[in-house]
Each structure stands twice: as structure tokens, then as C-alpha cells.
Amino acid sequence: MRSRTRENLAGWLFVAPVVVILGLFMLLPILMALWVSLTGWNGQGSPFRAGVPFVGGDNYARLFTEDGLAREDFMTSIRNNVYYVAVVVPLQTALALFLALVVNKRRTFFRTAFYFPSVTSSVAISVVFLFIFSNSGAVNQLLALAGVDGPKWFSDPRGVIQLLVGDPPAALTEHGVLGLTWWDWLSGPSVAMCAIIALVVWTTSGTFMLMFLAALQNIPKALDEAAMIDGATRWQRFSRVTLPMLKPTMFLVLTLGLIGTWQVFDQIYVMSQGNPAKTTLTPAFLSYRTAFRDFDYGMGTAISFVLFLIIVLMTLFQRWVMRERKA
Amino acid sequence: MKSLAFPAAAAVLLSVTACGSGFDDQQAAPRQQSSGPAALQVLMASSGDAETSAVKQAAEAWAKASGNTATVTPAQDIHQQLGQALAGSNPPDVFYVDASRFADYASVGALEPYADKISDSQDFYPKLRETFTYDGRFYCAPKDFSTLALIVNDDLWKKNGLTDDDIPTTWDELSAVTKKIKGVTPLTFSDTRDRVGVFMVQAGGWITSADGRQATGDSPENLQALQYVKGLLAGKQAQFAKALDAGWGGEAFGKEKAAMTIEGNWIKGAMKADYPGVTFSVHELPAGPKGKGTLSFSNCWGIAAKSKNKAAAISFVEAMTKTDQQLAFARAFGVMPSRQSAKDAYLKEFPTDAAFVNGADHAQGPVNAPKMDSVLADFDAGLQQLATQDPQKILARLQKNTESALG
């Protein structure tokens, strides 16, 4: 018994530096932010002194139940981000897997080339993309060669789905939920958002390619050969042998992808600041703007906590979907 | 192992909050430093190297003459840096306050209302004093100001067979002349309230009442203005700068994609630096149904309510807003002095700026009310879609949002 206690103590002693650092720089700021999200603190002096108004759940209520600009902005940002996540995550995962499969057999040049965008500063790449997608930029010139009149990428607020459908049915524009009409909810990512999506898929797929590549090289060759002897086709070997072996990596890539895409900030900050017509507004950027522009720190942190909750729920849901099933 | 986890974590947190007690500050007024030289911290949002070095020079001169010291720091993102400094109760003594953000700072008590202590404070343009007045108190001294005017490309003007007599002075003339210009877009400006707003002022409307307490967004005057602009856009007589592949009106104008633009006096510097070959002239904006109107932009020298060196800070601002000093700033980085007594001397040196300076008499400052940033961003989003949307709806939205922000 005595030696067990000593062992425990020693264990805690060893992890103490990490506990202190994590507590000081992660847990404590999070708890402080949680407190701020329950107050009407206006950014003057400390939020922990007497006199800072405590508003309870008001900041959260304004985001969800009160009809107003705050809720509309927040719901718009959620809508934008849902479309963003729904497009980026599958695309970047598929592209990363594809690149990894290609690169797995070939030499280092392509590995470096594909990984390059991931190690370049996202701000620098964003600025380059601003040029590529400008009205007379490379993308539109290529489209012009093909006889297509390219859109004005960063000033076009129309949603892609809205563009395909054309005139909205009245039933959708007259009714809605949570401050937006159904037609607004169903808009799809705007043309401007599509440009940002292209950029993000291109930059992040390199990192995830590296993870897939590491996993691919861990798969024993013998498995593949055994399947070959059994007469499996190339596609069967990929879908029945390689993919199942990649499942843990797939989970990792999807999780990191989900978290990263829900938190998208720097591309938005550099490229569009939420414009045109709020179609690239995301919760992370909205939180920043609400806190630092409107001095509404309570609401800003409330948004970030809702975002946190969304990410946790999505990750749990994904874990549940990808859980080990007993045959 | 598990049983120890909670006490350990709690101990860590407790020790941490103990360190954090330094956060708590007294609500009472900050104690003023009474003797000895003051060390002023000045935070500026610089437009470029020219401004930074001019302000540093002026600060040094003041420091030498008064026996204090002044450290001038140009900010990367002044709102964020100020936000952090104010939250930490340790703001710079003196800092630039943008007119469009002034009410936010004043309403949370970050600013010291000192402006009436500056000598001859009635000399500042009345419109500028109004811009930096909150709840009836004149808070901070205007640093300088800019207004919008009509910038005309002289070559394109001549090429279209137009003369000086064709320079539009009314909305009707503007409609007429924009129909005559062929080959390029006649008029361009940015798709924000900071440009489209001039038409609202010319029609006699604005987003809020003069004291910033009432929402006046859905007035018939504003509707008339937006319908007029929508008409210009529909006939391609005017196009937003973004549609011409430009970040702002000056860029589209400099690239000669448009014959006219609505911009402020900063365009002189931009044209000289980026498009030296383009000859242009500056004219007052055409008058609307309710007469002349333009918008003004300005910064003031804010003094932190929590500053420990208020007396020295006021003396610093006093030196910075002297007529001679403002003229020196004007020469260095092309701003217009905020004092009426400097007007004649300024016009003598920069006669082509008459249209900008004269704008001061009928210029509307930015919306002077707190918590309006997201409302105005929403209005901008509406204006971006002016070509396809109903102006009435855009204004109704603005009205509803402004009302709820003003409370």
C-alpha cells in the first residue's frame, strides 16, 4: 500500500510540468473565456472584477432564440461553414488518398511537390490565390479559352445551388427557421466561397497525403501478395485490403479535417473578411469580429463556445460512425 | 491514481488564480503622476513611412521642448492592439481613434473627454467636433480629416469631347454626362456606405439622426438616393470598383477603366506613386435634391481614461494640433488640417485641393453610435447587391438593425 502511494506521487511529479503548462495555458484560459461568455464585459479592465455585468445565458440566447442581426449573422456563418465543411473534408481526404497512392510507388520529387503547399504560409498562398481568381486572373483566362465567361469570383455572393435552381419557389423564400429563410439555408456555398474551398483543398491535401503515405508504407506487402494469389483484382485489393488497413489513418484525417475546417479563419481574414454579402462569414471570423470590432466580448466568446461544442459533437458522431463493428 | 487527479488539478488552478489576482484593478480614477518628466506612450495607425516619421519627429520636438519623453509606436492592427491594452488596464496614453469607431470607445469609457481643454477648440471645423462628440461631450481633438470629391480623368474627358462646362454639378447633369462617355465606364466607386453614402447625404438622408440616437435608415431621402444609384448601375453609367477588377475606385480610375471616381484626398498620393501618367482634376461632388453633400473621414488624438499622464498627454495633443504642426503634417503625408484657421494657408500651398477642403462645410462624418459595426457591415452587404435587390428592402433591414443596436 505504502509503495503504491509513493508510486502515485512519483507519477504525478513526473507529469506535473505538463499538467501545470496545460492548466495554465489551456484549461485556465478556456475557463476564463467561459466566464466572459456569461458576462456583458466591454473590454475595459479585467473581466473578473466587481461591476462586470453578469448576464447568464443571454449571449447564447441572442445567438439562438432572439430574432435579430446577431442570430442572423451567426446562422449565416453556420450555414456557410456547413457547406464549406461538407465540400472540403471529402474532397481533401479523397485527393490526399489519391496523391498518396500515386506517390507511394514513385520517388521523392512528387512527394515534395505535393507537400509543398502545406508548408507554405497560408497568408502568402491566400494572396496568390487572390490574383489567380481575380476577374482577369489565370482562372478566368483559362475559362475564357474554353469559351466560358468566368464569374467575378470574390464579388459574387450567389450560392451555387441557387444558381443551378434559378428562381426560388415562394414556399422557400417566405418561410424559414432560425432567422434565415429556407432559400437562404439551401443556397449552397457562394462562388466566392468556392474559390476559398479550392485553395484550402489544395493546401491541406499535402499534409494528409503524408499521413496516408506513412500508413500505406506500414501495410505489409505480404497481404497484398496473398490477395493477388487468391486472384483479387486491382480494385478488390484496394477496397478490401488497403482501405480497411487505412481505417485508423482515415479516422485521423477526417477528424483533423473536420476540426480544421470548422475553425477556418486566416484565409477568410486575408481574402474576404466575410464578403461578399456575408457569404464567406464563418463562426471563427464572426467571433473575432464581434469581440474586437463591436467590443462585445461576451457574445464573441459565446460564439466560440458554440463552435467548440459543434466540433466535439461532430467528432463524437464520426467516431460512432467509424466504430469497430463486430461481424 | 485517479483519486489524486482532482486535488492535483485543483491545486494547480488555485495557484494559478493566485498569480492572476494582479488582474484586478481599482475602479477609482488612475492616480496621476504629479512630478518629474512623463513618459508618454503613443500608438498610431500609420498610413505609411511618411506619416510615421513625421509624427515621430513632431513627438521628439515636443519631448525636447517640454522635458518629457514620448515613444511613438505604429500599430499593425490598432483596434486589436487597443482592445488588448484596454482589457489589460494598461493602454497607451495617446492613440489614434478612427471616427467610425469613436463612439464604441467613448461609450465604454475608454476615452478621456479632454478636447475642450485644448486651446481655441472652437477653431476645429464644427462638423469634426460633432464627429467626436458623444453624449453631448466633445471628447478628443481631431487630428486631421479627409473628404470625398469627384475625380475626373482629363484625357478621357477630352477624348469624349467634353469640356470643363460638362463637369456635373447636379444629379441630372451627372446622369446626362455619364451617358455621353463611351469606351470606358463613366463612373466608378466602391460598394460601401463610405462611397454610396454621399448620395444619401446629397438627398438629405443619413443612417442615423445627427446626435446618433435615432435610426433614420428607411427615410424617403435615402430611398431616393439608392434608387438613383441603382439607376446609374443599371445603365452601366456607373459600376462598382470590384466589377472593374479593382480593390477601390482609385485603382480602377488609375488603370483608366473609368473616367470618374468618387474618392478622398489620399488619391493624390496613390496616383503619384502608382499611376503617374494619368492626369486628373478634382471637383466638388454634384449636388443632390437637398444640395451639396460629401462624407468626411477623420482620426482624433484619443487620450486613455486610464492614462497616468493626462496633463502631459493633453500638452502633447496641443502641440500636435497647432496650425503650424498640422500644416507640416499636411506637407509630409497629404492630410488636411482640422483647424479652420489653417484653411487659407493650406489652400495657398495646395490650391488643387479646394474641392476637398470646401467639402468640410457639408460633410457627414461616420455613424456616431456604438455597436453599429455589424449593422453597417450588414448594410454594406446589402449595397453590394444593390444592382439586383430592392433598395426599399435594403433600407428596411438597415432601419430594423439600427433600431435594435441603438436600443
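Owing to the predicted nature of the structure, the values given are computational and were not obtained by experimental measurement.

A word on the overall build of chain B. A tally of helices and strands in chain B yields 17 helices and 13 strands. In terms of overall dimensions, chain B is globule-like: its C-alpha atoms have a radius of gyration of 24 Å, near the 22 Å expected for 407 residues. C-alpha atoms of chain B, sized along the principal axes, occupy 80 × 60 × 40 Å. Among the 407 residues that make up chain B, the fraction classed as buried is 49%. Restricting the contact set of chain B to residue pairs at least 6 apart, pairs at least 24 apart contribute 74%.

Right, let's get into the environment of Lys152(A). Topologically, Lys152(A) is positioned in the loop between α6 (138–145) and α7 (160–165). Sequence separation between Lys152(A) and Glu324(A) is 172 residues; the distance between their C-alpha atoms is 47 Å. Residues within four places of Lys152(A) in sequence aside, it is in contact with Asn135(A), Lys242(B) and Ala243(B).

Mapped onto this structure's residue numbering, the UniProt feature "transmembrane region" (unreviewed entry) falls at residues 12–38, 82–102, 114–133, 190–216, 245–265 and 297–317 of chain A. Split by type, residues 190–216 of chain A is 96% helix and 0% strand. Its first and last C-alpha atoms lie 36 Å apart.

Turning our attention to helix α16 (residues 373–384) of chain B. All names here are of chain B. Taking 1.5 Å per residue, 12 residues should reach 16 Å; α16 reaches 16 Å between its end C-alpha atoms and fits that length. Buried residues dominate α16, accounting for 12 of its 12 residues. Listed in full, the buried residues belonging to α16 are Asp373, Ser374, Val375, Leu376, Ala377, Asp378, Phe379, Asp380, Ala381, Gly382, Leu383 and Gln384.

Turning to the interface of chain B and chain A, a few remarks are in order. Each partner contributes residues to the interface: chain B has 34 residues there, and chain A has 32 residues. Residue assignment for the side of chain B that touches chain A shows that the elements contributing at least two residues are α1 (2–19), α3 (78–87), α16 and α17 (391–406) of chain B. For the side of chain B that touches chain A, a count of residues per class yields 15 nonpolar, 11 polar and eight charged.

Residue and element names in this part refer to chain B. One non-glycine residue, Asp120, lies in the positive phi region at around 55 degrees. Relative to the helices and strands, Asp120 resides in the loop between α4 (102–107) and α5 (126–131). Positive phi, close to 55 degrees, is recorded for Asp135, a residue that is not glycine. Considering the arrangement of structural elements, one finds Asp135 in the loop between β4 (133–134) and β5 (137–138).

On to the packing of α16(B) against α17(B). Residues and elements named next belong to chain B. Where α16 meets α17, the axes come as close as 10 Å, and the angle between the chain directions of the two elements is 175 degrees. The pairing of α16 with α17 is recorded here as roughly antiparallel in orientation. Side by side, α16 and α17 meet where Val375, Asp378, Phe379, Gly382 and Leu383 of the first sit next to Ile394, Arg397, Leu398, Asn401, Thr402 and Ala405 of the second. A breakdown of the residues in the contact of α16 with α17 according to their chemical character gives six nonpolar, three polar and two charged.

Residues and elements named next belong to chain B. In terms of domain boundaries, chain B breaks down into domain 1 (39–146 + 297–364) and domain 2 (147–296 + 368–406). Here domain 1 and domain 2 have C-alpha centroids that lie 27 Å from each other. Counting from both sides, the interface comprises 22 residues of domain 1 and, opposite them, 23 residues of domain 2. Elements with a contribution of two residues or more to the side of domain 1 that touches domain 2: α4, α5, β6 (141–153), β11 (294–303), α15 (354–358) and β13 (363–364). With four residues, α4 is the single largest residue contributor to the side of domain 1 that touches domain 2.

A few words on the pairing of strand β2 (residues 69–74) of chain B. Residues and elements named next belong to chain B. Of the strand pairs in this sheet, strand β1 (residues 39–44) and β2 are connected by six bridges, and their pairing is parallel. Bridging from a neighbouring strand, Val42 pairs with Val72 of β2. Between the parallel pair β1 and β2, the chain is carried across by helix α2 (residues 49–66), and the sense of this crossover is right-handed.

This brings us to α3(B). Those residues of α3(B) lying buried are Ile78(B), Leu82(B), Gly83(B), Leu86(B) and Ala87(B). Buried residues of α3(B) fall within an arc of 155 degrees about the axis and therefore sit on the same side. Where the residues of α3(B) are buried, they touch α15 (283–292) of chain A together with β1 and β3 (94–98) of chain B. Phi for Ser89(B), located one or two positions after α3(B), is positive at around 60 degrees.

Rules behind the numbers
- Residues numbered from 1 in each chain as written.
- Chains lettered and ligands numbered in written order.
- Predicted model: local features only at pLDDT ≥ 70, side-chain atom pairs only at ≥ 80, totals over all residues.
- Helix = DSSP H or I, 4+ residues; strand = E, 2+ residues; numbered from the N terminus.
- Rg over C-alpha atoms; globule rule 2.2 N^0.38 Å.
- Buried ≥ 20, exposed ≤ 12 C-beta atoms within 10 Å, placed from the backbone.
- Contact = placed C-beta atoms within 7 Å.
- UniProt positions renumbered as here; feature names shortened; annotations may be inferred.
- Expected span 1.5 Å × (residues − 1).
- Nonpolar A, V, L, I, M, F, W, Y, C, P; charged D, E, K, R; others polar.
- Axes fitted to C-alpha atoms, helices over the stretch in contact; angles between N-to-C directions.
- Parallel < 35°, antiparallel > 145°, perpendicular 65-115°, else oblique.
- Domains from an automatic or database assignment.
- Pairing = 2+ DSSP bridges.
- Right-handed = clockwise from strand over helix to strand, strands pointing away.
- Arc of directions from axis to C-beta.

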